[in-house]
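# Fold and contact review
So you can see what is in the structure, the chains are spelled out below.
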Amino acid sequence: MAKVAREMVERAGINVDQLLELLVKNAAAELTTYYYYTILRANLIGLQGETLKEIAEVARVEDRNHFEALFPRIYELGGELPGDMKAFHDMSACPPAHLPEDPRDIHAMLTVLVEAERCAVRGYTNICNLTAGKDHRTYDLSLSILNEEIEHESWFSEFLGEGPSGHFIRRGETSPFVSKFLR
Amino acid sequence: MREFTPEELARHDGRGEAPAYVAYEGRVYDVSASFLWQDGRHQAMHGAGTDLTSSLNDAPHGPELLEQFLVVGVLRG
């Protein structure tokens, strides 16, 4: 634990135990999403699936990176990951991104993907709102993750025909915003 | 439509066997089946059995997310 770092956050008026609960729940959401996106990506087959496969893979790997970036902060603030992985799964901040009944229904697949990202966008917006100006490190981390989740949402939203996202698939490095936390 | 007092609503806090109800702008919603309301708690900050009308103003989402839940009554008082 970073004792003084935690104290600074407390002195800024943040309920650190509540913040830790949110960070753990969102870390659970990231790791479980990584797992469920593995299944989703594996089932993105055929001509339609192929168009989505690479973007789903980028989102999958970046969500795993989000977990990797989050958990050190949890320990810095004096928290911990649950000892039981099943309990960790069940406390996720977002519902499981289960494979739809018909994986060949590309619209259903996209809906699962976009709703998972939207839950994440809401979650990190909330953490940013709570920590802005008070817990600078958690804010920086959450904002970095939020930037990537917004891009994930926009990719899938565009595939659903909801409107242009202004984005292309990533070229070059993965996790352009979060990578600084993955040293 | 069933009427709930704040005290009656508080008994539906999602703990143990109790269903999880929340109120918003006078309507009472059953959120028991929601993954995001397990044990009557939501995102470490909100509890079932309460009126969330003012809390929703600060939430990272609007009231449209409540539309998926069954309205089980109205909040009186």
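None of these values were measured; they are calculated from a predicted model.

Counting its regular elements, chain B contains 1 helix and 7 strands. Reading chain B from its N end, one meets helices and strands in the order β-α-β-β-β-β-β-β. For the C-alpha atoms alone, the extent of chain B along its principal axes is close to 30 × 25 × 20 Å. For chain B, buried positions account for 25% of its 77 residues. A separation of at least 24 residues holds for 66% of the contacts in chain B among residues at least 6 apart in sequence.

If you check helix H6 (residues 136-159) of chain A, its first and last C-alpha atoms are 35 Å apart, about what 24 residues at 1.5 Å a residue would give, namely 34 Å. Looking one or two residues past H6 of chain A, glycine 161 of chain A carries a phi angle of roughly 80°, positive in sign.

This next bit is on the nonpolar core. Residues and elements named next belong to chain A. In this structure, Leu23, Tyr37, Leu40, Ala56, Leu113 and Ala116 are the most contacted members of the largest nonpolar core, which totals 41 residues. For this core, the secondary-structure elements that each account for two or more residues are helix H2 (16-42), helix H3 (46-76), helix H5 (106-131) and H6. For this core, the element with the most residues is H2, which contributes 13 residues. Aside from chain neighbours lying at most four places away, what touches tyrosine 37 is Ala56, Ala59, Arg60, Asp63 and Ala97.

Attention now moves to the interface of chain A and chain B. Contact residues are listed per partner, giving 9 residues for chain A and 7 residues for chain B. Mapped by element, the contributors of at least two residues to the side of chain A that touches chain B are H2 and H5 of chain A. At 4 residues, H2 of chain A tops the list of elements feeding residues into the side of chain A that touches chain B. Of the residues in the side of chain A that touches chain B, the class split is 3 nonpolar, 3 polar and 3 charged.

Residue and element names in this part refer to chain A. Compared with the 45 Å implied by 1.5 Å per residue over 31 residues, the 45 Å span of H3 between its first and last C-alpha is a close match. Largest kink in H3: about 40°, centred on lysine 53. All of the buried residues along H3 are Ile55, Ala56, Ala59, Arg60, Glu62, Asp63, Asn65, His66, Ala69, Leu70 and Arg73. Turning to H3, the residues buried within the fold contact H2, H5 and H6. Positioned one or two residues after H3, glycine 78 has a phi angle of 95°, which is positive.

Attention now goes to the packing of H2 of chain A against H3 of chain A. Residues and elements named next belong to chain A. Between H2 and H3, whose axes approach to 8 Å, the crossing angle comes to 155°. One element, H2, and the other, H3, form an angle in the roughly antiparallel class. Read as a crossing pair, H2 and H3 show a hand that is left-handed. Its residues assigned to classes, the contact of H2 with H3 comprises 14 nonpolar, 4 polar and 8 charged.

What follows is about the confidence of the model for chain B. A residue-level look at chain B finds 100% of positions with pLDDT of 70 or above and a mean pLDDT of 93. For this predicted complex, the interface confidence score (ipTM) comes to 0.84, while the overall pTM stands at 0.93.

Residues and elements named next belong to chain B. Relative to strand S7 (residues 70-75), strand S1 (residues 3-4) runs parallel, the two being bridged by 2 bridges. Across the sheet, the residue bridging to glutamate 3 is valine 74, located in S7. When strand S3 (residues 27-30) meets S7, the two strands line up antiparallel, connected through 4 bridges. Considered in S7, the bridge of aspartate 30 is made with leucine 70.

Next up on the list: the sheet that holds S1 of chain B. Pairing within the open sheet is mixed, and its 5 strands lie in the order S1-S7-S3-S2-S6 (chain B). Both outer strands of the open sheet, S1 and strand S6 (50-51) of chain B, are each paired with one neighbouring strand and no more.

Turning our eyes to something else, we now look at unusual backbone geometry. Residues and elements named next belong to chain B. Residues other than glycine seldom take positive phi values, yet glutamate 25 does so here, at roughly 45°. Counting through the fold element by element, glutamate 25 comes out in the loop between strand S2 (21-24) and S3. Residue classification places glutamate 25 among the exposed residues on the basis of 12 C-beta atoms within 10 Å. Within the chain, alanine 44 stands out as a residue other than glycine whose phi angle is a positive 65°. With respect to the secondary-structure elements, alanine 44 resides in the loop between strand S4 (41-42) and strand S5 (46-47).

Thresholds, definitions, all that
Residues numbered from 1 in each chain as written. Chains lettered and ligands numbered in written order. Predicted model: local features only at pLDDT ≥ 70, side-chain atom pairs only at ≥ 80, totals over all residues. Helix = DSSP H or I, 4+ residues; strand = E, 2+ residues; numbered from the N terminus. Buried ≥ 20, exposed ≤ 12 C-beta atoms within 10 Å, placed from the backbone. Contact = placed C-beta atoms within 7 Å. Expected span 1.5 Å × (residues − 1). Core = buried A, V, L, I, M, F, W, Y, C linked by C-beta atoms within 7 Å. Nonpolar A, V, L, I, M, F, W, Y, C, P; charged D, E, K, R; others polar. Bend = angle between axes of the 7 residues up to and from the residue. Axes fitted to C-alpha atoms, helices over the stretch in contact; angles between N-to-C directions. Parallel < 35°, antiparallel > 145°, perpendicular 65-115°, else oblique. Left-handed = near helix turned anticlockwise from the far one by under 90°. pLDDT = per-residue confidence, 0-100. Pairing = 2+ DSSP bridges.

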